[in-house]
Amino acid sequence: MARQRDEVVALKEAWRREVEAARLYRALGDHEADPKRAGLFGRLAAAEEGHAERFGAKLAEMGHPLPDAPRSATPRERALVRLLGSEAMLRRMELEEERNIETFAAATSDDADPSVRRLFQEIEGEERAHSSVLRNLSTPAPSSRLESMLRHEKWHARTGSWIGDAIYGVNDGLGACFGIVSGMAGYSGGGHVVLIAGLAGAMASALSMGSGAYLATKSEREVHEAEMGRERREIEESPDHEREELELIYQLQGFTEDEARMMAHRMSENPEQFLKVMAQEELGLSTHTLPSPWVSTLSATLSTALGALVPVVPFFFTSGMPAVAASFIISTLAHFAVGAAKSLVTARSWLASGTEMTMVGVLEAAATYGLGLVLSVHGAP
């Protein structure tokens with residue numbers, strides 16, 4: 001008896017949420033100037049109304065009347081849409097869809113009535129599709145649009161991946177070790193200790209960058225595989241809902257409803273291709289964008305070590321102020337070269353990028369050299 005009471009409470013809450021969501025979608029559709037987006041809001045509203053009817057039918061079957069709730073948008077809800085605007089309301093609706101998913105998942109415990117559990121599971125799958133559609137409706141951030149464009153332009157592969165990692169590895173190694181060498185030079189006047197400190201700093205920087213690159217890339221792959229697994233399960237459990245979701249995504253990209261339906265249907269005929277398309281369109285995932293953990297590790301380690309050794313090289317051959325001066329000169333030139341090389345990745349002017357990097361390196365060297373001098377004057381151990 002207690003279990004049935006809990007189920008009735010859950011069904012009434014779910015019915016209320018669906019009716020409220022339908023009202024807000026209707027209000028968004030009335031407010032939207034773009035006919036295509038307004039039509040999509042109308043379809044989402046109709047879907048939520050369908051969910052509410054199914055929850056209501058189940059309540060009636062169990063002998064419980066529906067709660068009172070307005071079926072059309074209230075003045076407060078319409079005012080909220082006008083005040084916040086479509087984009088803010090889309091983000092709010094996306095959060096509501098995610099809350100619905102959590103609520104419905106909580107209502108599908110093993111001891112629930114099988115028909116109630118099945119109803120919640122079916123509608124939970126549809127809510128996931130709605131959440132994804134809302135993410136696609138929301139205006140993407142500039143960085144997301146850029147990543148999407150770069151992902152589809154193959155020539156960018158020549159300046160990304162391990163090459164970009166190598167450039168930034170040299171940058172990090174050079175910057176870190178230049179600071180260490182400058183500080184120790186200020187403290188010791190360029191003695192033998194600078195070479196030891198520089199080599200230790202180079203090794204530490206290289207190992208740190210390499211291990212960081214490995215863990216980051218491995219984690220990225222694990223997240224990718226987990227997301228692909230989740231998407232595969234959704235396709236297996238709710239193929240019609242996923243196909244409808246792909247239809248809506250294609251419509252957002254400018255295709256007509258008939259074209260989107262035909263394309264989604266064609267894609268769904270091949271399960272593996274359907275999975276790849278859904279992962280790409282819905283999640284922005286592509287196996288072509290995943291670097292190898294070992295390639296990233298090797299690239300980051302070697303490039304960081306290379307950059308870190310530049311300020312140390314003069315101390316292999318000489319010492320004192322001549323070594324300090326030579327280290328400063330070659331490190332400054334290396335900063336400019338690395339900054340200019342970064343323009344391959346950032347698409348900035350090589351001169352501006354190189355000059356900026358040089359200024360940063362000189363300021364860093366001056367600060368650490370000054371710190372070393374202060375410590376030497378005050379007799380730091």
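Residues numbered from 1 in each chain as written. Predicted model: local features only at pLDDT ≥ 70, side-chain atom pairs only at ≥ 80, totals over all residues. Heavy atoms only, no water.

### What to know about the environment of Ala166
To keep things clear, this is the line we draw: Runs of H or I in DSSP of at least four residues are treated as helices and runs of E of at least two as strands, each being numbered from the N terminus. Type-normalised accessible area, obtained with a 1.4 Å probe on protein chains alone, sets the label of each residue: buried when under 20%, exposed when over 50%, and partly exposed for intermediate values. Here a residue-residue contact requires only that any non-hydrogen atoms of the pair lie within 4.5 Å.
Along the chain, the position of Ala166 falls in helix 6 (residues 161-188). On the basis of relative accessibility, which here comes to 17%, the residue Ala166 falls in the buried class. For the pair formed by Ala166 and Ser296, sequence separation is 130 residues and the distance between their alpha carbons is 8.6 Å. Not counting chain neighbours up to four residues away, the residues in contact with Ala166 comprise Ser299 and Ser303.

### Describing helix 3 (residues 75-106)
Heads up, the rule is: Given the number of residues in a helix, its expected span is that number minus one, multiplied by 1.5 Å. Working definition for bend: take the seven residues up to and ending at a residue and the seven starting at it, fit an axis to each, and measure the angle between the axes.
Given a rise of 1.5 Å per residue, 32 residues ought to cover 46 Å, yet the end C-alpha atoms of helix 3 are separated by just 32 Å, more than 12% below that figure. Of all the bends in helix 3, the greatest, near 110°, is centred on Gly85.

### Quick notes on the confidence of the model for the protein
Here is the rule: A residue's pLDDT is the confidence the predictor assigns to it, expressed on a 0 to 100 scale.
Averaged over all residues, the pLDDT of the protein is 77; the fraction at 70 or higher stands at 82%. By mean pLDDT, the top-scoring element of the protein is helix 12 (residues 314-317) (88), and the lowest-scoring one is helix 5 (residues 142-152) (39). Predicted confidence is poor over residues 139-160, with pLDDT under 50, and the contacts of this stretch with residues over four places away or in other chains come to 13 contacts.

### Let's talk about helix 9 (residues 257-268)
Think of an α-helix as turning once every 3.6 residues; residues three or four places apart then point the same way. Our working rule: Note: the arc covers the axis-to-C-beta directions of the helix.
Helix length check: helix 9, at 12 residues, gives a terminal C-alpha distance of 16 Å against a target of 16 Å (1.5 Å per residue), a fit within 8%. Of the positions making up helix 9, those classed as buried are Ala260, Ala264 and Ser268. With its buried residues spanning 60° around the axis, helix 9 presents them on a single face. Projecting away from the buried face of helix 9 at angles above 90 degrees are the exposed residues Asp258, Met262 and Arg266.

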